[in-house]
Amino acid sequence: MSARVLDGRAVAASLKAELRAAVAEAGDPPPGLAIVRSADEAAAVYAGRLEKLCAELGVPSRSVELAGDTAGAVATVEELGRDGSVAGILVQLPLPDGVDQDAVVDAVDPLKDVDGVHPLNAGRLFLGLPALAPATPLAVMELLRRHDIDVGGKRAVVVGRSNITGKPVAMLLLHANATVSICHSRTPDLGAAVREGEIVVACAGRAGLVGADMIAPGAVVVDVGTNFEDGKLVGDVRYDEVAEVASALSPVPGGVGPLTNLMLVRNLLEAATRARP
Ligand code: NAP
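Heads up: these notes are all about the structure in this document. Quick caveat, the model's predicted, so the values are computed rather than measured.

### Thoughts on the packing of helix α6 (residues 135-146) against helix α10 (residues 257-273)
Thought 1: Following both chains from N to C, one finds α6 and α10 inclined at 105°, their axes separated by 8 Å at the closest point. Considering their axes alone, α6 and α10 lie roughly perpendicular with respect to each other. Residues Ala135, Thr136, Leu138, Ala139, Glu142 and Leu143 of α6 lie in contact with α10, whose contacting residues are Leu259, Thr260, Met263, Leu264, Arg266 and Asn267.
Thought 2: Grouping the constituent residues of the contact of α6 with α10 by class yields 7 nonpolar, 3 polar and 2 charged.

Okay, structure coming up:
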């Protein structure tokens, strides 16, 4: 068997056109995005990519560098919460050393929390209430939806239990009526657990963790992992061998990644239009 490719780049192209139109309709001036981040180079590169995408879509964006103290970072985020030109705030992690991440996340206005990191949004997602959900899990669901893969009634296995990928993607799958199990570093016999999955979402951040021996024939596999190996970007899934067993598989790069920032912009539009309680 050679798996169907879950092509994130193709989905991103149509989604971009849709979001550009939605931004144009969202009012004048369009809703703005603030990226709160550390000053280091990797953070600047990531923010630069997101700002470029925002410019392509007609979304005003700016990057705010945090200094190394928690009180200053919290004050900055609170100020953005009061700023009417800012509809969305992305707290880009990790924050600078010495800044208490939880305090900064708690200070984000939950209605502007475009990456769904605030406890209120995480709690609402857990409860199945309308919430701003984290972008990467939304990207996984969008990739599946746009390839007409219905997860309802399927057994889904998520590898990874972080607050930003594993847990929220498990919740989204559950709300979409999958029967979900979550694996992590203390799961005994990971292979046996993952082989139960008709849908497998790998988000462990371990290059090549998931091989063909862990995948049931015909399973759909989404690889969220982004790892660098010998200077090359690779996923958590051994693509070539798993492609022989799975019915559908997302590549790295070119799968979930191209959709993640687009989901942030979609959340921004939702944040801008959602009525304040
Ligand atoms: P994380 O916070 O490091 O969490 C990794 C999770 O995987 C943890 O729950 C850990 O278990 C589990 N894990 C680690 N090694 C394992 C193993 N050998 N067997 C089973 N489970 C294992 O990482 P994250 O932030 O969720 O990110 C996960 C991956 O997704 C990374 O590669 C990251 O770069 C990538 N990512 C990609 C995008 C995108 O846009 N494509 C966005 C975000 C993240 P424990 O909890 O027991 O430690």
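### Observations regarding α10
Thought 1: If you check α10, its first and last C-alpha atoms are 26 Å apart, about what 17 residues at 1.5 Å a residue would give, namely 24 Å.
Thought 2: If you follow the buried residues of α10, they end up packed against α1 (8-25), β2 (32-37), α2 (41-57), β4 (86-91) and α6.

### Section: the sheet that holds strand β3 (residues 61-65)
Thought 1: Strand order in the open sheet made by the 3 strands is β3-β2-β4, with parallel pairing throughout. Edge positions in the sheet fall to β3 and β4, since each of these pairs with one other strand and no more. Averaged over neighbouring strand pairs, the angle between their axes works out to 25° when direction is ignored.
Thought 2: Pairing analysis gives 5 bridges linking β2 to β4, with the strands arranged parallel. Paired with isoleucine 35 across the strands is leucine 90, a residue of β4.

### A few points about the sheet that holds strand β5 (residues 155-159)
Thought 1: The parallel open sheet is built from 6 strands, whose spatial order is β1-β11-β8-β7-β5-β6. Each edge of the open sheet is held by one strand with a lone partner, namely β1 (4-5) and β6 (179-183).
Thought 2: Bridge analysis of strand β7 (residues 199-202) against strand β8 (residues 220-223) gives 4 bridges, and the strand direction is parallel. Following the sheet pairing, valine 200 is matched in β8 by valine 221.

### Here we look at unusual backbone geometry
Most of the time, phi is negative for any residue but glycine, and the peptide bond is trans.
Thought 1: Geometrically, the link from leucine 93 to proline 94 is a cis peptide bond, its omega value of 0° lying close to zero.
Thought 2: On the secondary structure map, proline 94 appears in the loop between β4 and α4 (101-107).
Thought 3: Valine 252 connects to proline 253 through a cis peptide bond whose omega is 0°.
Thought 4: By the secondary structure assignment, proline 253 is in the loop between β11 (248-249) and α10.
Thought 5: Even without glycine at this site, aspartate 148 takes up a positive phi of about 55°.
Thought 6: If you trace the backbone, aspartate 148 turns up in the loop between α6 and β5.
Thought 7: Judged by its relative accessible area of 72%, aspartate 148 falls in the exposed class.
Thought 8: Non-glycine residue aspartate 230 carries a positive phi angle of around 50°.
Thought 9: In this fold, aspartate 230 is placed in the loop between β9 (227-229) and β10 (232-234).

### Details of the pattern of salt bridges
Thought 1: One pass over the full model with this rule turns up 10 salt bridges.
Thought 2: The salt bridge partner of arginine 145 is glutamate 142, with a shortest N-O separation of 3.0 Å. Taken as a pair, arginine 145 and glutamate 142 lie in helix α6 at a separation of 3 residues, close to a single helical turn.
Thought 3: We classify glutamate 142 as buried; its relative accessible area is 3%.
Thought 4: A salt bridge links arginine 146 to glutamate 142, with the nearest nitrogen and oxygen atoms 2.7 Å apart. Of this pair, arginine 146 and glutamate 142 both sit in helix α6, 4 residues apart, roughly one helical turn.
Thought 5: Salt bridges here are not isolated pairs; linked through shared partners, they connect Glu18, Glu142, Arg145, Arg146 and Arg266.

### Comments concerning helix α3 (residues 70-82)
Thought 1: Taking 1.5 Å per residue, 13 residues should reach 18 Å; α3 reaches 19 Å between its end C-alpha atoms and fits that length.
Thought 2: For α3, every residue scored as buried is listed here: Ala73, Val74, Val77, Leu80 and Gly81. Summarising the axial view, the buried residues of α3 lie within an arc of 125°, below the 170-degree limit, and thus occupy one face. In this structure, α3 carries Ala71 and Arg82 as exposed residues pointing more than 90 degrees from its buried face.

Definitions and cut-offs
- Residues numbered from 1 in each chain as written.
- Predicted model: local features only at pLDDT ≥ 70, side-chain atom pairs only at ≥ 80, totals over all residues.
- Heavy atoms only, no water.
- Axes fitted to C-alpha atoms, helices over the stretch in contact; angles between N-to-C directions.
- Helix = DSSP H or I, 4+ residues; strand = E, 2+ residues; numbered from the N terminus.
- Parallel < 35°, antiparallel > 145°, perpendicular 65-115°, else oblique.
- Contact = heavy atoms within 4.5 Å.
- Nonpolar A, V, L, I, M, F, W, Y, C, P; charged D, E, K, R; others polar.
- Expected span 1.5 Å × (residues − 1).
- Pairing = 2+ DSSP bridges.
- Buried < 20%, exposed > 50% of the residue type's maximum accessible area, 1.4 Å probe, protein only.
- Salt bridge = Lys/Arg side-chain N within 4 Å of Asp/Glu carboxyl O.
- Arc of directions from axis to C-beta.

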